[in-house]
Amino acid sequence: MVVPGGRDEPARGPRRGSRRALPGGAVTFVFTDIEGSTRLVKALRERYAQVLAGHRRLVRAAVAACGGHEVDTQGDAFFAVFASARQAVLCALEIQRALAARDWPGGAEVRVRIGVHTGQAVPAGGGYTGLAVHRAARICAAARGGQVLVSQPTRDLIEDEEEGEGLGFALVDAGEHQLKDLDRPVRLFQLAAAGLDPGSSRAGWMAGGSAAGGVHGFAAVRTSFVGRAGPARELAVLLGQHQLVTVTGPGGSGKTRLACEVAGQVAGRFADGVWLVELAPVQDPGQVAVVVAAALGVREQPGVPAAGTLARVLARQQLLVVLDNCEHVLGAAAGLCAELVAACDDLRVLATSREALRVAGEARYRLGPLAVPDPGDLADAVTAEAVVLFADRARQADAHFTLDDRTGPEVARLVARLDGMPLAIELAAARAEALGLGQLLGRLEDRFALLAGGDRLAPPRQRSLAAAVEWSYQLLDEPERRAFRAVSVFPGPFTLDGAEAVAGTGAVLAVLRLVDCSLLVPPRTGPDGQPRYVMLETLRAYGARLRAEAGEPDTAAAALAGYALRVAEEAAAGLQSRVGEVAAARWLDAEDATVRHVLAWAIARDAALAVRLADALVWWWLLRGRLAGQYRLLSEVAGRAEPGSEGWYIIQCWLGWAANFAADAAGALDHFGAVRDAVADHGPSRVLVDALNGRSVVLLNMGRLAEGAEDARRSLATARELGYLAGEGLALNALATTVQQSGDNDGAIQLIRQQQLITGMPGTIARSGYQVVIVALSEAGDLAGAGSACTAALAWCRNTGDLFNLPWMLMAMADLDVRAGRFQDAAAHLRDGLQIVMRTGDVWHVGNGLSSCGWLCAATGRYAEAATLRAAEAVHFRQQGIAGWSPGEARREEAALAKIRQALGPARFRAAEERGAAMSLDTAAEYALMLTAPAPEPAAAGSGLGGLSARERELVTLVAQGRTNAQIAAQLYISVRTVGSHLDRIRDKTGARRRADLTRLALAEGLV
Ligand SMILES: Nc1ncnc2c1ncn2[C@@H]1O[C@H](COP(=O)(O)OP(=O)(O)O)[C@@H](O)[C@H]1O
Ligand SMILES: [Mg+2]
């Protein structure tokens, strides 16, 4: 990017029209820059100018709205200055929100990186001089697209200025960064706010392909964090020593809040980031691993349980997973943690739970209450954590609330009475204005007296919380109580629309009131951009109890079920329309917890509802790469449906698809065949079309071309007769594939052209249609045409977060680049694709990546590498019978092989092949990543392995071969702890942090 101004030369003049004088002294700089603009130019061509102009307008409007001055603009980079640090950060936030809300031409994704820094600078010649300008530009360069990084001086200034006020954003510790041209690493903070969560939308970051470091899935917090310095420090230390740390304590004691805070503080230690996984909405222990995989963006793999795929993918990563609310699925959470911890040495889990998980090696941290004032020494009361929390929350309700000689002692007594329980304190503080402190204390005392009689066995902290909850609830009027009970049925975040659906029209006012009373968390923006409310788990449990006692559970649950079905069916319709697809998919992402909960509820109680709901959700599952993992759930739905009913047929077809994606071709044929046999004689029907389509695709996969074509033709005719558009789209796809595979490229393209005219079919089918076109065009020799088709499809896949088609497109693009001699582009696409499939655990496409990389190496004269990759691919795929080559590919392979053999001679060829055959799949993938790196990688370029002892080199070799610390310890007859400390030393010496980095170092030095 362009850096105007700087140490010596003044920056260029301001844009014409800006007449205000530039501020001087300590000012805050904002630098912005479009990520991957070169690629965007290539993809968009003439439309890029339009995108650039739109982006400029948007940035300028944000700078002006936040009172900033534009200093310079060059290309896609902006440089602005602000007198106030807070306004500068708000401007950055505004820019990101405006960018995210915008639809760009050609479905392009415009991701902007932003750096913010405060320092002394001198206005000169319409620009600025000073080191601070340089540093701000460097911070910008360190950010990923969509991310805002803020320097420590800026953050400190904002914290001082805004003490205790609701900022509307948070600055989360993003760890230390080594910026170019600076000697020492600097600590940076990542902006987190509603509507801005770079990387937290799993489909978003995977499709965007940006690095996975940073924080993911944590909602922006709008309230201040109080005290807990000691526990935070102790937890940070424990996380350095133990792989699993569990924070335990009663509900409402602040476990989740503390865990999230600690996660933010230690994020810089984890090259692959920190991830929040919320287990509260998960009822079925069997879904725990599935939910964790979905949150981490790990795709379910054919025939492998989700836990197994997670273990494989996370084994080379360095990351922290916060597993929140484990208590109700304790056994499953414990089992998963045990499996992951054993397989992944650099994984840390920070769990919150009422009870410990009881996994070997777990460190349990019992979270105590907030510090309450010493009754004998009220002088220090105002600094006690519990008092600070109360005062802060009371000020939210009443801006005039202050702690003084009168209120101080009262608050001190109150928080002591509440046993320092944060949730109880928040509930009480929310009523401080309405009741006054005296009354508040009196009424709470009454409630305590009542409750203490009821349950003497419960520990005091739980009793005090229960009293506060009940007291707060009793203060509501009847409509508000009804709304509280009703919305407590939501397992996760909900919209006002949702609240009205379960609590009746007019619930909106009650919801707002519940927020005021701290019975609901203030709204946060979900993946679809809609604000959503959340009820803390402790309060939800109380609501459920009240519903049970009031005999209401069925009405609220039934209303929730009706609501979930409406959401799912409207979204399903959106997924079938071109314009509504993105919004519909994000809507379901946001309602994930609710639809999952209702599906489980329906399976137990209402078979017809379960069938309709599952049928509405499948396209979304497919889009997000989650269909294969739903086989068990779909089987349960099928088990509840009347055999031979319409619903049963529908679910059988979906079971067929799930089996197909789980690589169970025979199982898939059984499901589709059963439906076809049952309905074939009853005239045309949608389920007949679905069954025939499914069969034809599976048959084609099995190489039974003629039979597949026959079913596709029948299905096409039936779909047309019925006007069943989605069925017609899929049939055309299947037919085009058979036509292409039998050598008629033009015919295949014609069929897909017809298909693309259908507007009412899921985008996933249309994008799969592109696959056929790309293959047909390139087999026909039209590489340019195939390239444009692939570019368009790739942008579309990224835009929709289509994990089903995206990896295929990336590998295809890389291959087209190789054929066209665009070797640098090929390497970039390959790398991009490999990084995505390694993070999502998509084994199949790792195989494709290895062959593409082999062809790239062969084309660029790296024959030994080509032979190595080819051998690795053969061992893990072709020799396993997992994947083969099409006739075209096989011919290409023969030619490449001959060239490689000749160039290397027999001995070197054999050595290169042996090297590849000995590589594990993941090592081979790292090898391909190394070979496609644009420049020598920082780790490899640094000290390399030169400074290591022979023992240390041996250890690196074993790591590169994919061994865990325990396996290495066993092999070398040393303790696991010794292996750990050796590795720490190796990391210090080499600068390589992740096992993946160590692997590439070892590969670069030929150790594996
Ligand atoms: N140290 C703290 N500073 C500010 N608020 C806190 C703190 N600890 C807890 N809270 C607030 O108290 C409430 C309950 O905390 P939470 O973390 O949800 O409890 P738990 O997970 O133990 O059930 C939340 O609203 C939370 O934001
Ligand atoms: Mg919690």
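Scroll up a little and you will see the structure.
We now turn to the structure provided with this report.

**Topic: the sheet that holds strand β11 (residues 274-278)**
- Within the open sheet, the six strands sit side by side as β9-β11-β12-β13-β10-β14. Their pairing is parallel. One side of each edge strand has no neighbouring strand; the edge strands of this open sheet are β9 (215-216) and β14 (362-366).
- Where strand β10 (residues 244-248) lies against strand β13 (residues 347-353), five bridges are found, and the strand directions are parallel. Note that in β13 the partner of Thr248 across the bridge is Ser353.

**Observations concerning the site of ligand 1**
- Inspection of the region around ligand 1 gives 19 residues, with Val226, Gly252, Lys255, Thr256 and Glu426 positioned closest.
- Arg257 places a polar main-chain atom, nitrogen or oxygen, 2.8 Å from an oxygen atom of ligand 1.
- Of all the elements in the fold, those that place two or more residues in the shell around ligand 1 are α8 (255-266), α12 (385-397) and α14 (422-429).
- A breakdown of the residues in the shell around ligand 1 according to their chemical character gives seven nonpolar, seven polar and five charged.

**Some words on helix α40 (residues 921-931)**
- Summarising burial for α40: eleven of the eleven residues are buried, a large majority.
- Within the sequence span of α40, burial applies to Leu921, Asp922, Thr923, Ala924, Ala925, Glu926, Tyr927, Ala928, Leu929, Met930 and Leu931.

**Considerations on the side chain of Thr990**
- Assignment of secondary structure puts Thr990 in helix α44 (residues 976-990).
- A distance of 3.2 Å separates a polar side-chain atom of Thr990 from the backbone nitrogen of Ala992.

**Some points on the environment of Arg316**
- Assignment of secondary structure puts Arg316 in the loop between α10 (306-314) and β12 (319-324).
- In this structure, the C-alpha to C-alpha distance between Arg316 and Cys344, residues 28 residues apart in sequence, is 7.0 Å.
- If we ignore the near neighbours within four places in the chain, the residues touching Arg316 are Ser920, Asp922, Thr923, Glu926, Val959, Ala960, Gln961, Gly962, Arg994, Arg995, Ala996 and Thr999.
- In this structure the side chain of Arg316 is engaged in a polar contact, spanning 2.7 Å, whose partner is the side chain of Thr999.

**A short note on the environment of Ala858**
- One can find Ala858 in helix α37 (residues 843-859).
- Relative accessible area serves as the criterion here: at 7%, Ala858 is assigned to the buried category.
- A C-alpha to C-alpha distance of 8.6 Å links Ala858 and Leu897, two positions 39 residues apart in sequence.
- Setting aside residues no more than four positions away along its own chain, Ala858 makes contact with Tyr863, Ala866, Lys899 and Ile900.

**As for the side chain of Arg481**
- You can see Arg481 is positioned in helix α18 (residues 478-487).
- Within the local environment of Arg481, its side chain forms a polar contact with the backbone oxygen of Leu476, the two atoms lying 3.1 Å apart.
- Among all residues touching Arg481, those that are not within four sequence positions of it are Tyr473, Gln474 and Leu476.

**Quick notes on the pattern of salt bridges**
- A full pass over the atoms with the stated rule returns 49 salt bridges.
- Notably, a salt bridge pairs Asp33 with Arg113, separated by 2.9 Å at the nearest N-O pair. Here the residue Asp33 occupies a position in strand β1 (residues 25-34), and Arg113 occupies one in strand β4 (residues 112-124), the gap between them amounting to 80 residues.
- Judged by its relative accessible area of 16%, Arg113 falls in the buried class.
- Two residues, Asp592 and Arg626, come together in a salt bridge whose shortest N-O distance is 3.6 Å. With Asp592 in helix α24 (residues 592-605) and Arg626 in the loop between α25 (607-623) and α26 (631-640), this residue pair connects regions lying 34 residues apart in the sequence.
- Residue Asp592 is classed as buried on the basis of its relative accessible area of 9%.
- We classify Arg626 as buried; its relative accessible area is 7%.
- When salt bridges with common partners are traced through the structure, they connect Asp272, Glu926, Arg994, Asp997 and Arg1000 into a single cluster.

**Focus: the packing of α37 against helix α38 (residues 863-876)**
- Contact pair α37 / α38: the axes reach a minimum separation of 8 Å and the direction vectors enclose 160 degrees. By the angle class used here, α37 and α38 are roughly antiparallel. Here α37 and α38 pass one another in a crossing that is left-handed. Packed against α37, whose contacting residues are Gly847, Leu850, Ser851, Cys853, Gly854, Cys857 and Ala858, the element α38 presents Tyr863, Glu865, Ala866, Leu869 and Glu873 at the interface.
- Grouping the constituent residues of the contact of α37 with α38 by class yields seven nonpolar, three polar and two charged.

Definitions and cut-offs
Residues numbered from 1 in each chain as written. Chains lettered and ligands numbered in written order. Predicted model: local features only at pLDDT ≥ 70, side-chain atom pairs only at ≥ 80, totals over all residues. Heavy atoms only, no water. Pairing = 2+ DSSP bridges. Helix = DSSP H or I, 4+ residues; strand = E, 2+ residues; numbered from the N terminus. Near = heavy atom within 4 Å. Polar contact = N/O pair within 3.5 Å; in protein donor to acceptor, adjacent residues only side chain to side chain. Nonpolar A, V, L, I, M, F, W, Y, C, P; charged D, E, K, R; others polar. Buried < 20%, exposed > 50% of the residue type's maximum accessible area, 1.4 Å probe, protein only. Contact = heavy atoms within 4.5 Å. Salt bridge = Lys/Arg side-chain N within 4 Å of Asp/Glu carboxyl O. Axes fitted to C-alpha atoms, helices over the stretch in contact; angles between N-to-C directions. Parallel < 35°, antiparallel > 145°, perpendicular 65-115°, else oblique. Left-handed = near helix turned anticlockwise from the far one by under 90°.

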